[in-house]
Amino acid sequence: MTPPTPPTATAPTTDVTPGPAPAGIPDPPAVSPARGGLLVLVGMLLVALNLRAAVTSLGALLDEIRVGLGLSGAMAGVVTTLPTVAFAGLGALTPWLVRRWAAPRVLVLAMVALTAGQVLRAVTGSAAVFVLTSALALAGIAVANILLPMLVKQHFPHRTGLVTGAYTMALTVGTTVAAASAVPVAHAFGSWRAGLGVWAGLAALAVIPWVPLALRARAARRAADRAATPTVVATPARVRPGRTRLGWAMAVYFGAQSLSGYAIMGWLALLFRDAGYRPETAGLLLAGVTALGVPVALMMPTLAGRLATLRPLVLSLTAFSAAAYLGLALAPRGLAPLWVLLLALGQGAFPLILTTIGLRARTAEGTVALSAFAQSTGYVIAALGPLLVGILYEATGGWTAPIGFLLVALAVQTTAGMVIARPRYIEDER
């Protein structure tokens, strides 16, 4: 289904192009809505399952990998920082890719890169090759991160909340399963390589639905080129979120919530261990944040799609996170399950911002531009989270200062959330 064009537009420039289709991101090929939509949905869910598995499986096996490859402390730091760097830098290239090739073709290449990168890094004995092949795998994830909100807008414009909730839930499930099973798989096969490389099979599976969709898109493009006659068409002005208040508010909200999320994933288990919990129990409490986030990920986009303004959700998520941080600072041991529950609710900011990307754009082109800018800029901000928490913990020897920093980040997130809460469209701010 083709999204409606915005009612307000800047003065267009004109050029002579072959074919009736306007410049920019092409419409999906004409196929049976039921069949085509189902295939796209299955493909999106399979891609979403892969969006964090390569990252969390690496984190779970980092000690074994460091010993096995002889990684220095600096090299291990590079490996753990790669995800946010790749998501920020490589994700920004996605709009350029989509302007040249259909989204299904780009996704095929992204999932092939993810598959190849995971296989190669699992078999190499070189630390340098391990870093390079990890970057290849993360490049595929970075591109897919940006494309999924655009595909929701392009194929499911009237079910944005439901479909976003479904793929966000799939992402959360993939994250949890990879984190929980990487070590057992490695132990079962006697090598960290198995625990790391097994996820390449899941990435290869995600390629399958996109191959026929890519072939259809290619055939439709060729047919349009053969039937085309030169005609004067309006070239729509390119959407540039970096020049708008809404674009920056989206980027800051995405970055602040990701900063908190990465800090929690990196340091929460140690906080609970310092509070007196056994390592196994601390790990389970950390896993509980992700597991409890699954229903939140499913419900949040639907709620966001039904509300006239997002202010109640923004403020509620802030309240949950603030209560959890204060509880962790004052009584980390006594009510740990409650703080885990509140953290999981507060992390609903992630599915909320993914949904908002689709809600704040009228067109597929606007969605992919906003998605690329918000996520790329946001991941630059997010990279500071685990680093600064670690520095503050090392400097003070406790958790009061790190939690204070997370509360400041939460205040910034809330301020940006108030800006994006009001219904508006990125195309109108060009």
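Procedures and definitions
- Sequence positions are assigned chain by chain, starting from 1 and proceeding in written order.
- Note on the predicted model: pLDDT of at least 70 is required for a residue's local features to be given, and 80 or more for side-chain atom pairs to be given and counted; whole-chain, interface and lining totals, by contrast, use all residues.
- Only hydrogens and water are set aside; all other atoms, that is, all heavy atoms of the structure, feed into the side-chain values.
- Segments assigned H or I by DSSP are reported as helices when at least four residues long, segments assigned E as strands when at least two residues long, and all are numbered from the N terminus.
- Under the scheme applied here, a residue whose accessible area is under 20% of the maximum for its type counts as buried, over 50% as exposed, and between as partly exposed, the area being computed with a 1.4 Å probe on protein chains only.
- Here, residues are in contact when the closest pair of their heavy atoms is within 4.5 Å.
- In these tables, accessible area is a Shrake-Rupley quantity obtained with a 1.4 Å probe, and a residue counts as shielded only by the protein chains included in the view.
- Convention adopted: a line fitted to C-alpha atoms gives each axis, helices being fitted over their contacting stretch, and angles between N-to-C directions are expressed from 0 to 180 degrees.
- Roughly parallel means an angle under 35 degrees; roughly antiparallel means over 145; roughly perpendicular covers 65 to 115; every other angle is labelled oblique.
- It is the rotation of the near helix from the far one that decides the hand of a crossing: anticlockwise by less than a right angle makes it left-handed, clockwise makes it right-handed.
- Ten residue types, Ala, Val, Leu, Ile, Met, Phe, Trp, Tyr, Cys and Pro, are classed as nonpolar, four, Asp, Glu, Lys and Arg, as charged, and the remainder, Gly among them, as polar.
- Every case where a carboxyl oxygen of Asp or Glu lies within 4 Å of a side-chain nitrogen of Lys or Arg is listed as a salt bridge.
- In summary, the pairing rule links any two rings of Phe, Tyr or Trp, Trp by its six-membered ring, whose centres are within 6.5 Å, and it sorts them by plane angle into stacked for under 30 degrees, edge-to-face for over 60 and tilted for everything else.
- Both a distance and an angle decide whether a charge sits over a ring: NZ of Lys or CZ of Arg must be within 6 Å of the ring centre and within 35 degrees of the ring normal.
- Residues enter patches when they are more than 30% accessible in relative terms and free of salt bridges; like-charged ones are connected within 9 Å and nonpolar ones (Val, Leu, Ile, Met, Phe, Trp, Tyr) within 5 Å.
- Residues belong to one nonpolar core when they are buried, are Ala, Val, Leu, Ile, Met, Phe, Trp, Tyr or Cys, and are joined through side-chain atoms within 4.5 Å.
- Two N or O atoms count as a polar contact when they lie within 3.5 Å, although within protein this holds only if one can serve as hydrogen donor and the other as acceptor, and sequence-adjacent residues are included solely when both atoms are side-chain atoms.
- When charges are counted, Lys and Arg contribute as positive and Asp and Glu as negative, whereas His and the chain ends are disregarded.
- Charge positions are represented by NZ for Lys, CZ for Arg, CG for Asp and CD for Glu.
- Confidence scores labelled pLDDT are given residue by residue by the predictor and lie between 0 and 100.
- Space inside and on the surface of the protein is sampled on a 1 Å grid over the protein atoms alone, with a cavity defined as a set of points where a 1.4 Å probe fits but cannot get out and a pocket as an open set with protein on both sides within 12 Å along at least 5 of 7 lines; lining residues have an atom within 4 Å of a point.
- Grid points are joined across faces, edges and corners, and a volume is the space filled by probe spheres set on the points.

A.B. asks: An account of the overall build of the protein chain is needed here, citing residue identities and associated values.
C.D. replies: When helices and strands are tallied, the protein chain shows 19 helices and two strands. Among the 430 residues that make up the protein chain, the fraction classed as buried is 51%. Put simply, of all contacts in the protein chain between residues at least 6 apart along the chain, 86% involve residues at least 24 apart. Put simply, the protein chain shows about 18,300 Å² of open surface, and 69% of that area lies on carbon and sulfur atoms.

A.B. asks: An account of the packing of helix H7 (residues 127–155) against helix H17 (residues 364–382) is needed here, citing residue identities and associated values.
C.D. replies: Close contact between H7 and H17 brings their axes to 8 Å; oriented N to C, the two are set at 155°. Taken together, the axes of H7 and H17 lie roughly antiparallel to each other. Considering only the axes of H7 and H17, their crossing is right-handed. Residues Asn145, Ile146, Pro149, Met150, Lys153 and Gln154 of H7 touch H17, and the partners they reach there are Ala364, Thr367, Val368, Ser371, Ala372, Gln375 and Tyr379. Here the contact of H7 with H17 is built from residues that sort into seven nonpolar, five polar and one charged.

A.B. asks: Provide a residue-level description of helix H16 (residues 349–359), including the pertinent values.
C.D. replies: Two residues of an α-helix separated by three or four positions point the same way, owing to the 3.6 residues in each turn. Of all 11 residues making up H16, 10 are buried, and the element is well covered by its neighbours. Residues Ala349, Phe350, Pro351, Leu352, Ile353, Leu354, Thr355, Thr356, Ile357 and Gly358 constitute the buried set of H16.

A.B. asks: Run through the pattern of salt bridges, naming residues and quoting values.
C.D. replies: This structure, assessed with the given rule, holds two salt bridges. When the shortest N-O distance is used, the salt bridge between Asp428 and Arg362 registers 2.8 Å. Placement of the pair is Asp428 in the segment after helix H19 (400–421) and Arg362 in the loop between H16 and H17, with a sequence separation of 66 residues. A salt bridge links Glu429 to Arg424; its shortest N-O distance comes to 2.7 Å. The exposure class of Glu429 is partly exposed, given its relative accessible area of 22%.

A.B. asks: Describe the packing of aromatic side chains, naming the residues involved and giving the relevant values.
C.D. replies: For the structure on display, the rule yields 11 aromatic pairs. Each ring, one from Trp248 and one from Phe373, has its centre 5.0 Å from the other, and the planes form 85°; the classification is edge-to-face. One end of the pair, Trp248, is in helix H12 (residues 245–274); the other, Phe373, is in helix H17, with 125 residues separating them in the sequence. Members of the aromatic cluster, connected to one another through ring pairs, are Phe87, Phe254, Tyr262, Phe350 and Tyr379. Residue placement shows Arg333 over the ring face of Tyr277; its charged tip is 4.6 Å from the ring centre.

A.B. asks: Give me the lowdown on a nonpolar patch on the surface, citing residues and values where you can.
C.D. replies: On the surface, Val119, Leu120, Val123 and Leu136 cluster together into a nonpolar patch covering about 320 Å² of accessible area. The element best represented in the nonpolar patch is helix H6 (residues 103–123), accounting for three residues. Within the secondary structure, Val123 sits in helix H6. A residue is classified by how much of its surface remains accessible, and Val123, at 59% relative accessible area, is exposed.

A.B. asks: Can you break down the nonpolar core residue by residue, with the values?
C.D. replies: With 90 residues, the main nonpolar core has Met44, Val47, Ile65, Trp210, Tyr253 and Leu352 as its most contacted residues. Among the elements that line this core, the one with the most residues is H7, at 15 residues. Apart from residues no more than four positions distant in its own chain, Tyr253 is found in contact with Val314, Leu317, Ala349, Leu352, Ile353, Gln413, Ala416, Gly417 and Ile420. The next biggest cluster of nonpolar side chains, apart from the first, holds 28 residues, and it includes Leu285, Leu286, Val289 and Leu343.

A.B. asks: Can you lay out the side chain of Arg424 for me, pointing to particular residues and giving the numbers?
C.D. replies: Along the chain, Arg424 falls in the segment after H19. For Arg424, the side chain forms a polar contact with the main-chain oxygen of Val419, separated by 3.1 Å. A distance of 2.7 Å separates polar atoms of two side chains, one belonging to Arg424 and the other to Glu429. Apart from the residues within four sequence positions on either side, Arg424 is in contact with Arg245, Leu246, Leu359, Arg360, Val419 and Glu429.

A.B. asks: So what about the side chain of Lys153? Which residues, and what values?
C.D. replies: By secondary structure assignment, the location of Lys153 is in helix H7. Comment: no salt bridge for buried Lys153; closest opposite-charge side chain is Glu427, at 7.1 Å. Engagement of the side chain of Lys153 in a polar contact is seen with the backbone oxygen of Ala361, the distance being 2.6 Å.

A.B. asks: Now, about a positive patch on the surface: what can you tell me, with residues and values included?
C.D. replies: A contiguous patch of positive charge on the surface is contributed by Arg100, Arg238, Arg240 and Arg243. In this structure, Arg100 sits in helix H5 (residues 94–100).

A.B. asks: Go over the confidence of the model for the protein chain with me, naming the residues and quoting the values.
C.D. replies: When pLDDT is averaged along the protein chain, the result is 84, and 86% of the positions lie at 70 or above. Note that pLDDT drops below 50 for residues 1–34; the model gives that stretch 69 contacts with residues more than four away or on any other chain. In the model, residues 229–235 has pLDDT below 50 throughout and makes 24 contacts with residues more than four positions away in sequence or in other chains.

A.B. asks: Please give an account of empty space enclosed by the protein that cites residues and values.
C.D. replies: Under the counting rule described, the total for this entry stands at three cavities of 30 Å³ or more. Of the pockets and cavities examined, the largest cavity occupies roughly 110 Å³. What lines the largest cavity is Ala263, Ile264, Trp267, Leu268, Leu271, Tyr325, Leu328, Val389, Trp399, Pro402, Ile403 and Leu406. If you tally residues by element for the lining of the largest cavity, the top one is H12, at five residues.

A.B. asks: Explain the packing of H7 against helix H8 (residues 160–189) to me, using residue names and the numbers behind them.
C.D. replies: Working note: a packed helix pair is described by the angle between its axes plus the distance between those axes. Between H7 and H8, the shortest axis-to-axis distance is 9 Å and the interhelical angle comes to 150°. Judged by the inter-axis angle, H7 sits roughly antiparallel to H8. The way H7 lies across H8 gives a crossing that is right-handed. The residues of H8 that touch H7, namely those facing Leu148, Pro149 and Val152, are Thr160, Val163, Thr164 and Tyr167. Within the contact of H7 with H8, the residues separate by chemical class into five nonpolar, two polar and no charged.

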